[in-house]
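Survey of secondary and tertiary structure
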Amino acid sequence: MSEILSSLRSLMASHSPPLDALVVPSEDYHQSEYVSARDKRREFVSGFSGSAGLALITKNEARLWTDGRYFLQALQQLSDEWTLMRMGEDPLVEVWMSDNLPEEANIGVDSWCVSVDTANRWGKSFAKKNQKLITTTTDLVDQVWKSRPPSEMSPVVVHPLEFAGRSVSDKLEDLRAKLKQESARGLVIAALDEVAWLYNIRGTDVAYCPVVHAFAILTTDSAFLYVDKKKVSDEANSYFNGLGVEVREYTDVISDVALLASDRLISSFASKTVQSETTKDMEIDSDQHDRLWVDPASCCYALYSKLDAEKVLLQPSPISLSKALKNPVELEGIKNAHVRDGAAVVQYLVWLDKQMQELYGASGYFLEAEASKKKPSETSKLTEVTVSDKLESLRAAKEHFRGLSFPTISSVGSNAAVIHYSPEPEACAEMDPDKIYLCDSGAQYLDGTTDITRTVHFGKPSAHEKECYTAVFKGHVALGNARFPKGTNGYTLDILARAPLWKYGLDYRHGTGHGVGSYLCVHEGPHQVSFRPSARNVPLQATMTVTDEPGYYEDGNFGIRLENVLVVNDAETEFNFGDKGYLQFEHITWAPYQVKLIDLDELTREEIDWLNTYHSKCKDILAPFMNQTEMEWLKKATEPVSVSA
């Protein structure tokens, strides 16, 4: 790391103008959460591999900001040259820069890797001391990164309508109507999952996310896709031609955005395309429709800088909400995917339970007793990685499987306290029958994306571990059982999952729920269930998906998390105060909760009834996928429970 920092500081000094600081964000040109190997610049300079964070390099300091999911991981991965800055506890990066960098400091950043929102926010903060945000002519990290991986060359794949559920032409018509409503003549689309959703395409350019590196521009009468043309087969090209979508080179997007700004961007399909009623209506008063719509959170500053700021509509992309509201085909698909996925998780637990008993002398999933301390041979021992590989193989055998939806968080004991722990083959822990095991995993299927967490113990859990698990479980049930008026956001509901933990003075540093894509990104907005103020922005609406995943993490000891995917549905209520209408959740994840980790005496009658009902459904829904041994295990895992007299 010393050599990397030294090289970057030399480039900062020789830059015109010289830079007092260099910001290295986590994001790529599309402001993605998960990025391809060649875009992991922040990881390259800092050694920190978490999905969220920002590196700041000054003339004599190196600091890394990340959120509560990654505090422990960052401490483990950062060298002594780096200082960890804890988001939510330490000053924001722009506040720190404004307060600690000199007057008129030049702060460099690659304008392709910073959003409009972020660049504007920093600019306001820097103004106090006449500091300047300098967009570097090239990415300085790329100049130092001699072994940077090559560009991905995976083909563009057309996502069949039988899974997408909605045609591209229908989506385009809907978006053009929204352009009209906002008096806009064009939309710049930068988010990879939005491009994929709009044109019903998928790819493998980013690990775990079935997307293609591409931009899109939509106007009142034309549509463009910017992608490396080597990824577009003759078949895909015919598909786009049939839609009237012009395919241009990925690198053409910046010049075309400039043409769009001056209203000189013309598609070769323009003269051939029959104008829609929406387009005709807009031409009548074209002078009043001169704005261009840009999402400030997903559009990079490099593209925005080519536009006339006074004629830009800066607000969330209309695609974000449309994508979050699943159509009937998508809802059916994601429910079916979760059934198959749940079957794989149960088959995994059956296998792991047997292995832990045979190899380690564990009492097993159902009994509470200390392990007999058997020690497996070096060749037969189980590690966090080898067991997660087994889970992946069980998923891979299921219909429509296309890969994992994120790196499996397979974590034993103290590693489970690292919220987004990622085990490595050379340095992972061996399975331990006397410690908690947390497994957070998911998969990509053609008909849906999954995300599930279960926490188990194959020996004798302590009273404290059971107390914590029970509190997490109660919060998980409370959120999943909520009924709430339409217009309610995830910020309001977040307390339901935390209240049982607060009773003991416990809490967790991550959000409680995120949207889930339809064979797209496992983390999907614009809605969320969280303590973060941004969770206030978008209310939950029927047909959205959202996770329910409270947890508790005790540094150095253990971690607990339970996670199901929920669908938001309309609710039938006895009354309808204010004529608002009400909503409720439907669980679509199916895998049992480990009863021996629950203190049943702490559960209410309603919670007991919910657990028994869920377990009964779980058994019936997964039964067709189980062999005799697996079914016997599942029946035992889902036996009704009751509170002791």
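Up top you'll find the structure we're talking about.
All of the points below concern the structure found in this document. (Residues numbered from 1 in each chain as written. Predicted model: local features only at pLDDT ≥ 70, side-chain atom pairs only at ≥ 80, totals over all residues. Heavy atoms only, no water.)

1. Notes on the overall build of the protein
Helices and strands together make up the secondary structure of the protein, namely 20 helices and 28 strands. Computed over C-alpha atoms, the radius of gyration of the protein comes to 26 Å, within 12% of the 26 Å expected from 2.2 N^0.38 for 645 residues, which places it in the range of a compact globule. Taken along the three principal axes of its C-alpha coordinates, the protein extends 75 × 60 × 50 Å. Relative to its 645 residues, the protein shows a buried fraction of 58%. Accessible surface computed for the protein: about 26,200 Å², of which carbon and sulfur atoms make up 50%. (Helix = DSSP H or I, 4+ residues; strand = E, 2+ residues; numbered from the N terminus. Rg over C-alpha atoms; globule rule 2.2 N^0.38 Å. Buried < 20%, exposed > 50% of the residue type's maximum accessible area, 1.4 Å probe, protein only. Areas by Shrake-Rupley, 256 points an atom, 1.4 Å probe, with all protein chains shown as cover.)

2. Focus on the nonpolar core
Formed by 82 residues in total, the largest nonpolar core has its most connected members in L352, M431, Y437, F473, F585 and L622. Here this core gets twelve residues from one element, more than from any other, and that element is helix α15 (residues 328-360). When neighbours within four sequence positions are excluded, F473 is seen to be in contact with L562, Y593, I598, L603, W610 and L611. Grouped together as the second largest cluster of nonpolar side chains are 38 residues, V195, L225, F406 and V522 included. (Core = buried A, V, L, I, M, F, W, Y, C linked by side-chain atoms within 4.5 Å. Contact = heavy atoms within 4.5 Å.)

3. Here's the deal with the packing of aromatic side chains
The full count for this structure, using the stated rule, is 23 aromatic pairs. Measuring from centroid to centroid gives 5.3 Å for F215 and Y250, while their planes differ by 35°, and the two rings are tilted. Here F215 is found in strand β10 (residues 215-219), whereas its partner Y250 is found in the loop between β12 (245-248) and α11 (253-261), with 35 residues between them in sequence. Three or more aromatic residues joined by ring pairs form one cluster here, namely F473, W590, Y593, W610 and Y614. Across from the ring centre of Y445, 5.1 Å away, lies the NZ or CZ of R340, which sits over that ring. A cation over a ring is seen here: R454 above Y593, with NZ or CZ 4.3 Å from the ring centre. (Phe/Tyr/Trp six-rings, centres within 6.5 Å; stacked < 30°, edge-to-face > 60°. Lys NZ or Arg CZ within 6 Å of the ring centre and 35° of its normal.)

4. Quick look at helix α4 (residues 93-100)
Along an α-helix, residues three or four apart share an orientation, since each turn contains 3.6 residues. Those residues of α4 that sit buried are V93, E94, W96, M97 and S98. Buried-residue contacts for α4 involve β1 (21-25), β2 (54-58), β3 (62-66), β4 (83-86), β5 (106-109) and α5 (116-126).

5. Structural notes on the pairing of β10
A regular strand carries its side chains on alternate faces of the sheet. In terms of burial, β10 is a largely internal element, five of the five residues being buried. Neither face of β10 is left uncovered, since the one carrying F215, I217 and T219 and the one carrying A216 and L218 both have all their residues buried. With four bridges joining them, strand β8 (residues 184-189) and β10 adopt antiparallel strand pairing. What sits directly across from L187, in β10, is L218. Direction of pairing for β10 relative to strand β11 (residues 223-226): antiparallel, over a ladder of four bridges. (Pairing = 2+ DSSP bridges.)

6. Remarks on the sheet that holds strand β6 (residues 132-135)
Ordered by their spatial adjacency, six strands build an open sheet running β4-β3-β2-β1-β5-β6, and the pairing between neighbours is mixed. Bordering the open sheet on either side are β4 and β6, each of which pairs with just one other strand. Across the sheet, the mean angle separating the axes of adjacent strands is 25° when strand polarity is ignored. By the bridge criterion, five bridges tie β1 to β2 in an arrangement that is antiparallel. (Axes fitted to C-alpha atoms, helices over the stretch in contact; angles between N-to-C directions.)

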